[in-house]
Amino acid sequence: MIISILGIRGILLNRRNIPIMSMPIESMLLAVNSNFLVFSVSSDDMMGQSFASLVPTVAAAESAIGLAIFVITFRVRGTIAVESINSIQGAGPFSLGERIRF
Amino acid sequence: MFNLFLAVFPEIFIINATFILLIHGVVFSTSKKDDYPPLVSNVGWLGLLSVLITLLLLAAGAPLLTIAHLFWNNFFRRDNFTYFCQILLLLSTAGTISMCFDFFEQERFDAFEFIVLILLSTCSMLFMISAYDLIAMYLAIELQSLCFYVIAASKRKSEFSTEAGLKYLILGAFSSGILLFGCSMIYGSTGATHFDQLAKILTGYEITGARSSGIFMGILFIAVGFLFKITAVPFHMWAPDIYEGSPTPVTAFLSIAPKISIFANMLRVFIYGSYGATLQQIFFFCSIASMILGALAAMAQTKVKRLLAYSSIGHVGYICIGFSCGTIEGIQSLLIGIFIYALMTIDAFAIVLALRQTRVKYIADLGALAKTNPILAITFSITMFSYAGIPPLAGFCSKFYLFFAALGCGAYFLASVGVVTSVIGCFYYIRLVKRMFFDTPRTWILYEPMDRDKSLLLAMTSSFITLFFLYPSPLFSVTHQMALSLYL
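Parameters and conventions
- Residue positions within a chain follow its written sequence, with the count starting from 1.
- To label them, take the chains in the order written and letter them from A, then take the ligands in the order written and number them from 1.
- Two thresholds apply to this predicted model, a pLDDT of at least 70 for residue-level local features and 80 or more for giving and counting side-chain atom pairs, whereas whole-chain, interface and lining totals are computed over all residues.
- Hydrogens are left out, water is left out, and the side-chain values use all remaining heavy atoms of the structure.
- Using a 1 Å grid laid over the protein atoms alone, points where a 1.4 Å probe fits but cannot get out form a cavity; open sets with protein on both sides within 12 Å along at least 5 of 7 lines form a pocket; any residue with an atom within 4 Å of a point counts as lining.
- Grid points are joined across faces, edges and corners, and a volume is the space filled by probe spheres set on the points.
- Numbering of helices and strands runs from the N terminus, with a helix taken as a DSSP run of H or I at least four residues long and a strand as a DSSP run of E at least two residues long.
- The nonpolar class holds Ala, Val, Leu, Ile, Met, Phe, Trp, Tyr, Cys and Pro. Asp, Glu, Lys and Arg form the charged class, and all remaining residues, Gly among them, are polar.
- Put simply, a nonpolar core is a bunch of buried Ala, Val, Leu, Ile, Met, Phe, Trp, Tyr and Cys residues held in one set by side-chain atoms that sit within 4.5 Å of each other.
- Partly exposed describes any residue whose relative accessible area lies between the buried limit of under 20% and the exposed limit of over 50%, with all areas from a 1.4 Å probe on protein chains only and scaled to the type maximum.
- Only heavy atoms matter for contacts: two residues are in contact if any of them lie within 4.5 Å across the pair.
- Expected span of a helix, by definition, is 1.5 Å for each gap between consecutive residues, and there is one gap fewer than residues.
- Two axes are fitted around each residue, one to the seven residues ending there and one to the seven starting there, and the angle between them is reported as the bend at that residue.
- By convention, the term buried area covers the 1.4 Å-probe accessible surface removed from two parts as they join, with the contributions of both added.
- Any pair of nitrogen or oxygen atoms within 3.5 Å is treated as a polar contact; in protein, a donor-acceptor pairing is required on top of that, and neighbouring residues in sequence qualify only through side-chain atoms on both sides.
- UniProt positions are given in the numbering used here, feature names are shortened, and annotations may be inferred rather than shown by experiment.
- Axes here mean lines fitted to C-alpha atoms, for a helix over just the part in contact, with angles spanning 0 to 180 degrees between N-to-C directions.
- By the definition adopted for this analysis, an angle is roughly parallel if under 35 degrees, roughly antiparallel if over 145, roughly perpendicular if from 65 to 115, and oblique otherwise.
- The term salt bridge refers to a pairing of a side-chain nitrogen on Lys or Arg with a carboxyl oxygen on Asp or Glu at a separation within 4 Å.

A. Region of interest: the layout of surface pockets. Residues and elements named next belong to chain B. In this structure, the largest pocket encloses a volume near 760 Å³. In terms of lining residues, the largest pocket is bounded by 31 residues, among which Leu91, Ser92, Leu343, Met460 and Thr461 are the most central. Of all the elements in the fold, those that place two or more residues in the lining of the largest pocket are helix 3 (40-60), helix 4 (80-107), helix 15 (328-354), helix 20 (452-467) and helix 21 (473-487). For the lining of the largest pocket, the element with the most residues is helix 4, which contributes nine residues. Of the residues contributing to the lining of the largest pocket, the split by class is 25 nonpolar, five polar and one charged.

Pasting the structure below:
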């Protein structure tokens, strides 16, 4: 459980480079998986274990897609720094004053 | 045993169609004898046909719903609610696929896997709507999200598209992780993942006074995960960026289909699965914040797709009003809102795709559309007026019923915030219409006439929007039936 909270913190506070983002995602999913297994053993129920055998499938597929997207991002940009993900710029709600023109 | 297959026959058909189309695409597009043809239109038409056949199978299989009792203790449940939701989902998917063909031709977009992924995500959304267990729900949500991550990043040479795919991946993976954490907390505290069992355990939750922090955390995290997925505020972080950067057909899909299926799933989890333990306050707060942000932030936008993204965030806020009051009227107004929202959004994105020839990105490019293409301008203004909620169009009917339901359950603050933000939102919709009719752009843009599929789609949806007020009772009675069967 604590590992999943650390994973959440890891995604939100990533300052180094982009492929590192996939590590906290994986750790979140795996920590939740172990949560399921622990609960299943402690309440003597089978459903937790069947769920826990399905979740890593999803995690693996997602990390494969994540790596593919990181690779094409790198191919287009040439850098993996996190600061460079800002080419989509928008006018947020706070630049209202100068933007309203009739 | 045979009843099992009959009940799930539409999904079986669409899975088979997906795989056959994938194999067909791979075999023929890599054959040297045929000179490596790009098969995207071919596979696209076949995909559209298979979606329509699935719709037919689903609609004609209505009497089979009562036979599928083998399902009822397992992962899926089909009743009136799922029947109509799946019909709506398949109709909107068919509409959005038919919008894409022109896009494929112009952008020289050759990947037929686009259509295969859309079919796969449609199948997973069919499962998601009828999911009746936390496991089935999570797996279906993941399958749908994974397909969408890929197609959001499908224009591989474009910086915008890859960045949108990256942001969508991170956002989606994060929200799935939170959702799964909530599921594990609920499983740990109650020992049940099936919604029937959860409903029995959590029915008297508020009254018994046995507060379990595990259940509270579980419901909270599941709610947060779902709210991330429907891009409600304050969890809408990158949604406008994703909507803007993806290729336009993908944005159309993103704003229609997942919202339908995730709202259906949310209704199952929170209204059926855990009626006593649902945190109503979080949905109140999110709907108020979404309405306010959707109205205010869209005023400052200069790009069309971002404006549509913020207006869909605002509309999700209105639809969450129906969700926050847990009454049958509230659910019914939510379903009417979703139906009309899906039609309006198909309309809006068909128009944006039709104007794509000369890369209209900025709102200022729409200037003087009325002089060059008057019918398109009138259609666009009908859609914008419907979004704004101007009577007698369909958007007004849906907003009216939503506020009516909110007042009926005593949520006076919610309804008044809704009315105020609706009025504020009118501003930028009408500004768009004014730009089209009364502004002259700096450089005149010449638009080609749009192709046959989009014009048919636009005709159907805009005639529905204008003529809905004359005969709204079929939709009202259908949604009433859906809401009733949700509670049973």
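That covers the picture; the talk isn't over yet.
B. Structural context of the nonpolar core. All names here are of chain B. Of all hydrophobic cores here, the largest spans 187 residues; its most connected members are Met137, Phe226, Met266 and Phe270. Residue contacts for phenylalanine 226: discarding those within four places in its chain leaves Met137, Ile141, Leu179, Ile262, Asn265, Met266, Val269 and Phe270. Within the second largest apolar cluster, eleven residues are counted, among which are Tyr318, Phe403, Ala415 and Val417.

C. Main features of helix 4 of chain B. All names here are of chain B. Helix length check: helix 4 (28 residues) gives 41 Å between terminal C-alpha atoms against 40 Å at 1.5 Å per residue, within 8%. Of all the bends in helix 4, the largest measures some 25° and sits at phenylalanine 101. The buried count for helix 4 comes to 23 of 28 residues, which makes it a mostly enclosed element. Just beyond helix 4, the residue with positive phi is arginine 108, at close to 55°.

D. Structural detail: the interface of chain B and chain A. The interface of chain B with chain A comprises 55 residues on the first partner and 48 residues on the second. The junction of chain B with chain A conceals about 4,400 Å² of combined surface from both sides, 75% of it contributed by carbon and sulfur atoms. Viewed at the interface, chain A and chain B are joined by two residue pairs in polar contact (both at pLDDT 80 or more). Looking at the side of chain B that touches chain A, the elements that each hand over two or more residues are helix 6 (134-152), helix 7 (159-190), helix 11 (239-245), helix 13 (280-297), helix 14 (304-324) and helix 19 (412-438) of chain B. When the residues that make up the side of chain B that touches chain A are grouped by side-chain class, the tally is 30 nonpolar, eleven polar and 14 charged.

E. Focus on the UniProt feature "transmembrane region" (unreviewed entry) in chain A. Residues and elements named next belong to chain A. With numbering matched to this structure, UniProt assigns "transmembrane region" (unreviewed entry) to residues 20-39 and 51-74. Overall, residues 20-39 shows 90% helix and 0% strand. The separation of its end C-alpha atoms is 30 Å. Spanning residues 51-74, this segment combines 100% helix with 0% strand, and its end C-alpha atoms are found 35 Å apart.

F. Region of the structure containing the side chain of serine 290 of chain B. Residues and elements named next belong to chain B. By secondary structure assignment, the location of serine 290 is in helix 13. Assessed through its relative accessible area of 0%, serine 290 is described here as buried. Sequence-distant contacts of serine 290, that is, excluding residues within four places in its chain, are made with Ala232, Val233, Ile313, Gly314 and Gly317.

G. Up close: the packing of helix 14 of chain B against helix 15 of chain B. Residues and elements named next belong to chain B. Between helix 14 and helix 15, the shortest axis-to-axis distance is 8 Å and the interhelical angle comes to 170°. On the basis of the axis angle, helix 14 is roughly antiparallel to helix 15. Mapping the contact onto sequence places Val304, Leu308, Ser312, His315, Ile319, Gly322 and Phe323 in helix 14 and Gly330, Ile331, Ser333, Leu334, Gly337, Ile338, Tyr341, Met344, Ala348, Phe349 and Val352 in helix 15. Looking at side-chain class alone, the contact of helix 14 with helix 15 contains twelve nonpolar, six polar and no charged residues.

H. Representation of the pattern of salt bridges. All names here are of chain B. Under the counting rule described, the total for this entry stands at five salt bridges over all chains. The shortest N-O distance in the salt bridge between arginine 306 and aspartate 241 comes to 2.9 Å. Within this pair, whereas arginine 306 is found in helix 14, its partner aspartate 241 is found in helix 11, the two being separated by 65 residues in sequence. There is no split in this pair, since arginine 306 and aspartate 241 are both buried.

I. Inspection of empty space enclosed by the protein at higher detail. Residues and elements named next belong to chain B. Applying the stated criterion across every chain, the model contains six cavities of 30 Å³ or more. Its volume calculated, the largest cavity comes out at about 200 Å³. Around the largest cavity, the lining is made up of 17 residues, and of these Tyr168, Phe228, Lys229, Thr231 and Leu254 lie nearest the centre. Of all elements in the fold, only helix 6, helix 7, helix 10 (213-229), helix 11 and helix 12 (248-273) reach the threshold of two or more residues within the lining of the largest cavity. In terms of residue class, the lining of the largest cavity is made up of ten nonpolar, five polar and two charged. There is about 90 Å³ of room inside the second largest cavity. Around the second largest cavity, the lining is made up of 17 residues, and of these Tyr318, Lys399, Gly425, Tyr428 and Tyr429 lie nearest the centre. For the lining of the second largest cavity, the secondary structure elements donating two or more residues are helix 13, helix 14, helix 17 (374-388) and helix 19. With six residues, the single largest contributor to the lining of the second largest cavity is helix 19. Looking at the lining of the second largest cavity, its residues break down into nine nonpolar, seven polar and one charged.

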